[in-house]
Number of protein chains: 2
Amino acid sequence: MAGIAGPSFFIGQDGDGLISFGSGQPDLPPPKEIFRNLADERLFKYGLIQGERRLREALSKEYPDASPENFVITNGASEALDLTMRVLAKAPGPQKILLCRPYYYSYPYNVRFAGMEPVYTDLKEGRINLADFRKKIGRVKAVLINSPSNPTGRIEAVATLKEIEKICKKLGVWVISDEVYKDLIYERENYLLKGPHVITINSFSKTYSMCGLRIGYLWTPQRDFVQKIINMKVHTSMNTNILGQEMALKAIHAPESYVRRQVKIWRARRDLIYGDLIRLGFKLWRPEGAFYVLPKIRNSGRAVNEFYYKYKVIVYDGEWFGAPGHIRLSYALDEKKIEEGLKRIAKFLKGKERWL
Amino acid sequence: MAGIAGPSFFIGQDGDGLISFGSGQPDLPPPKEIFRNLADERLFKYGLIQGERRLREALSKEYPDASPENFVITNGASEALDLTMRVLAKAPGPQKILLCRPYYYSYPYNVRFAGMEPVYTDLKEGRINLADFRKKIGRVKAVLINSPSNPTGRIEAVATLKEIEKICKKLGVWVISDEVYKDLIYERENYLLKGPHVITINSFSKTYSMCGLRIGYLWTPQRDFVQKIINMKVHTSMNTNILGQEMALKAIHAPESYVRRQVKIWRARRDLIYGDLIRLGFKLWRPEGAFYVLPKIRNSGRAVNEFYYKYKVIVYDGEWFGAPGHIRLSYALDEKKIEEGLKRIAKFLKGKERWL
C-alpha cells in the first residue's frame, strides 16, 4: 500500500473500476468548433511571447476597460500564477503573500518557489473573515482571492469583494484574482474583482473542458507589470503553444449555449452530490460555484487511503488544501458514477459514523 | 527609431518586405503525419505531469541506457532549462553555473531567475578552452554545454566532450547538455554527452519545425532529480499540452527521410551564406551545425539598427549573446531570401569596409 502524498499521486489515473472524485477536470467534451482547420503551418511557428493578438482581442472584450496589450497568454493558469509570483518577488515591499485557507493546493508552493512566504487568513464557513483580513493585509505584498473557490465551492459576497478592492487600493496591495471558475457559478452573476493593482488570472480549462491544452492567461491594468511578465516568459517558456491558442479562440466563439448547457449540468450534479452527502450524515458547505465539495471527516488521510485501496474511490485529503479533517470531492463526473462512488463511500462509513 | 533591446523586439515580425535573419525558426514545414486524427477528446484532458508515456517510451529509444521514467516532457527546451535551474538552485553546493561565452541569450537569465549566478568561460575560435574550463569548473554547481551551438554554429570536438564528461564526473559537477540542434549537424555524427550527472535537454522545435507547439524534454539518469522536476512542474505549469505531445509522437514516427532531407537543405544554405559573407569580407567561423553564423562587425548595435530601419533586414546583435562586435544571422530562410538579404547587407557595407 503505497503512501499517498498529494494529488499528483492520482493524476492520470482512471479506468479499471476506479471512481475518481479527484482531479478537477470536466468530463464533458470541449466545443466541437475547436477541431476545425488545424492543419495550418502558421500554427507551428513561434508566436508573440505575449500571446496571439486575436485571442487577446477577444479576451479583452470579456472585461470592462481591458485592452489586448494588458493580457498575456500562458501555459494554463498555473504558469500565470508562477510568473506572477516570480515577478512580484522582484518588486520592493514585503516578501509575504496572503492566502485564504483552505486554498488551492498549489498556492503555497507558487509563493515559496518564488522565494516568498505565505501568510494565511482562515475562512469562516468558507468565506473571508474581514476582521482577520484587515489585520493581515497591511503586512503583505499581495493577496490571492479565488472565488468561486477550489476546494470549498464557495463564492464571496459581492460586498466583501468590493471591500477588499477598497482596502487593497488604499494600501497599494496587489490583488491576484484567480477566476478560473468564474463561468461556473450557480447562485448569482459573477463579480469580477477590479482596481488599479488587480491581476486577474483565468483559464480555458474549466469553462471549455480543455484542461490538457494548458491555455490560461493573466491581465492587469498595470502595463509595466505585463511587460515584466513578458520579459520573464521569453526566457522561461517562450510563446504558449500556438495551436492551443487557436483552439481557445475558436472556443470563445463557440455558441453561448455551450457554457449555459455546461452550467446546467454542473448544477444538477451539485444538487445530487450535496443532497446525498447530507443524507449520509456528512457536514459540508453547499457549493455555490466551481465543482467541489469539502465535507468533514475525521482521520482524513486514512480515509483517503482506504477509499482508494479498498473501495477504488479517489478523493483528495483536505490536508493538501490546508483543511485537515476534510476530504475534497470533485463532481466533474457523470451522475451514474457519482451515485456509484457515493454507494462505496456509504459502505466505508458503516460502523464509522463517529468519523463524521 | 525605437531602441532595439533584444531579440524579443523582433519576435513575430515578418512580411512587408522584411528579410529576417533573426529568429532561429525553421521555415520548412513540419512532417505532414502530425496533422492526422487530432479531434480526439483524450487529447484535451489533463495528462501525466511527467509527460505522455508513449512519447517518453519513444524518446528513451533514442538514447542508450535511457528509460521512460527518466524523461520529463516540457513546454519547449526553455521550460526544461528553467525547471532544471530552479531545482539545481535548491540543491546544496555553490550557487554558480558555468556558461560558455558566446551563449544562447536566455542562459544568463535562466541562471539568475533561479537565484544563481552565471560564471563564464570564453570560447576560443568558437570552441571550449579546456585550460580555462578546468580553472573554473571546480567552483560551480553545473556547466551548460550547447553543441551544436547557438549562436556560434560550432560543434565541440568529441575528445573535448569526453574530457568534460571525465572532469565533471570526477568532481560531481552537473552537466546540462542542451542538444536542441543535435540532428542538425554537418561535419560528423553527433556525440551525446553522457554520465551519471548529465541532464540532457532537447526539443522538437528545430528537428521537426514545430517551434510554436513548444514541446521539449529533459532526461537524466538521476531518477531523484526527475522526481524533483515533476514535483515543481505540477505547481508551475502542470502537464505539457497533450495535443502537442501527440503531434510530437507522430513526428518521431515520421519517415527518417524527413530529417535527412532537412539536413541537406540546411547544409546547402550554410554553404551559400558562409561563402557569400566571406566574399563580402566578413570574418566568421564556418558553421558545423545548427543554422547560425556569427560574423564580426564593429558597432554591432548601430549596424542592427540600420539594417532594420534602413534596409529592412533583421539580424541580432552579438552583444545579446555575449559576443559584442558580432552579429548573429540565422539562415533558417529560403535561398532567395538569403541572397536578397545579403544584397542589402552589401549595400549597407559600401564605404563602411573598415567596420569589418
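Residues numbered from 1 in each chain as written. Chains lettered and ligands numbered in written order. Predicted model: local features only at pLDDT ≥ 70, side-chain atom pairs only at ≥ 80, totals over all residues.

A.B. asks: Kindly report on the overall build of chain A, identifying the contributing residues and their values.
C.D. replies: Summing up its helical and strand segments, chain A has 10 helices and 12 strands in all. Taken against the 2.2 N^0.38 rule, which gives 21 Å for 356 residues, the C-alpha radius of gyration of chain A at 20 Å falls within 12% of a compact globule. Principal-axis analysis of the C-alpha atoms places the extent of chain A at approximately 60 × 55 × 40 Å. Looking at chain A as a whole, 50% of its 356 residues qualify as buried. Across chain A, every contact between residues at least 6 apart in sequence was considered, and the portion connecting residues at least 24 apart equals 72%. (Helix = DSSP H or I, 4+ residues; strand = E, 2+ residues; numbered from the N terminus. Rg over C-alpha atoms; globule rule 2.2 N^0.38 Å. Buried ≥ 20, exposed ≤ 12 C-beta atoms within 10 Å, placed from the backbone. Contact = placed C-beta atoms within 7 Å.)

A.B. asks: For the domain arrangement of chain A, give the residues involved together with the corresponding values.
C.D. replies: All names here are of chain A. Entries for chain A in the domain assignment read domain 1 (7–29 + 257–355) and domain 2 (41–252). Computed over C-alpha atoms only, the centres of domain 1 and domain 2 are separated by 26 Å. Contacts between the two partners involve 26 residues from domain 1, matched on the other side by 25 residues from domain 2. Of all elements in the fold, only α8 (257–279) and β9 (292–293) reach the threshold of two or more residues within the side of domain 1 that touches domain 2. The dominant element in the side of domain 1 that touches domain 2, judged by the number of residues it contributes, is α8, at five residues. For the side of domain 1 that touches domain 2, the residue count by class is 17 nonpolar, five polar and four charged. (Domains from an automatic or database assignment. Nonpolar A, V, L, I, M, F, W, Y, C, P; charged D, E, K, R; others polar.)

A.B. asks: Quick rundown of helix α7 (residues 242–252) of chain B? Include the residues and the values.
C.D. replies: The buried fraction of α7(B) amounts to nine of the 11 residues, a majority that puts the element mostly inside the structure. Residues of α7(B) that are buried: Ile242(B), Leu243(B), Gly244(B), Gln245(B), Glu246(B), Met247(B), Ala248(B), Lys250(B) and Ala251(B). The inward-facing, buried residues of α7(B) contact α7 (242–252) of chain A together with α1 (53–60), β2 (71–75) and β8 (215–219) of chain B.

A.B. asks: Residues and numbers for the relation of the copies chain A and chain B, please.
C.D. replies: Aligned on chain B, chain A shows an RMSD of 0.0 Å; the corresponding rotation is 180° and the shift along the axis is 0.0 Å. In short, the pair behaves as if placed about a two-fold rotation axis. A symmetric contact is evident, with 100% of the interface residues of chain A recurring at the interface of chain B. (Least-squares fit on C-alpha atoms with pLDDT ≥ 70 in both.)

A.B. asks: Quick rundown of the sheet that holds strand β11 (residues 316–317) of chain A? Include the residues and the values.
C.D. replies: All names here are of chain A. A sheet is described by the order of its strands in space; here three strands give the open sequence β9-β12-β11, paired in antiparallel fashion. Strands with a single pairing partner mark the edges of an open sheet, and in this sheet they are β9 and β11. Pairing analysis gives two bridges linking β11 to strand β12 (residues 327–330), with the strands arranged antiparallel. For Tyr316, the partnering residue across the bridge sits in β12 and is Arg328. (Pairing = 2+ DSSP bridges.)

A.B. asks: Account for the sheet that holds strand β12 (residues 327–330) of chain B, naming residues and giving values.
C.D. replies: As summarised here, the arrangement of the three strands in space is β9-β12-β11 (chain B), forming an open sheet in which the pairing is antiparallel. Each edge of the open sheet is held by one strand with a lone partner, namely β9 (292–293) and β11 (316–317) of chain B.

A.B. asks: Please give an account of the packing of α1(B) against α7(B) that cites residues and values.
C.D. replies: All names here are of chain B. Interaxial distance between α1 and α7 falls to 9 Å at its minimum, and their mutual angle equals 30°. When you trace α1 past α7, the crossing you get is left-handed. Contacts between α1 and α7 involve Arg54, Leu55 and Ala58 from the former and Gln245, Ala248, Leu249 and Ile252 from the latter. (Axes fitted to C-alpha atoms, helices over the stretch in contact; angles between N-to-C directions. Left-handed = near helix turned anticlockwise from the far one by under 90°.)

A.B. asks: Report on the interface of chain A and chain B, specifying residues and quantitative values.
C.D. replies: If you look at the interface, chain A gives 46 residues, while chain B gives 46 residues. Every element with two or more residues in the side of chain A that touches chain B is listed here: α2 (76–90), α3 (107–113), α6 (223–236) and α7 of chain A. Sorting elements by how many residues they give to the side of chain A that touches chain B places α2(A) first, with five residues. Residues that form the side of chain A that touches chain B fall into these classes: 21 nonpolar, 19 polar and six charged.

A.B. asks: Break down the environment of His326(A) for me, citing the residues and quoting the values.
C.D. replies: Residue and element names in this part refer to chain A. Along the chain, the position of His326 falls in the loop between β11 and β12. Overall, His326 belongs to the buried group, with 26 C-beta atoms counted inside 10 Å. For His326 and Pro295, which are 31 residues apart along the polypeptide, the C-alpha to C-alpha distance reads 5.5 Å. Discounting residues that sit within four places of it in the chain, His326 has contacts with Leu294, Pro295, Lys296, Ile297, Ser300 and Gly318.

A.B. asks: Describe the confidence of the model for chain A, naming the residues involved and giving the relevant values.
C.D. replies: With 98% of its residues at a pLDDT of 70 or more, chain A has an overall mean of 93. Across the whole predicted complex the pTM is 0.94, and at the interface the ipTM reaches 0.93. (pLDDT = per-residue confidence, 0-100.)

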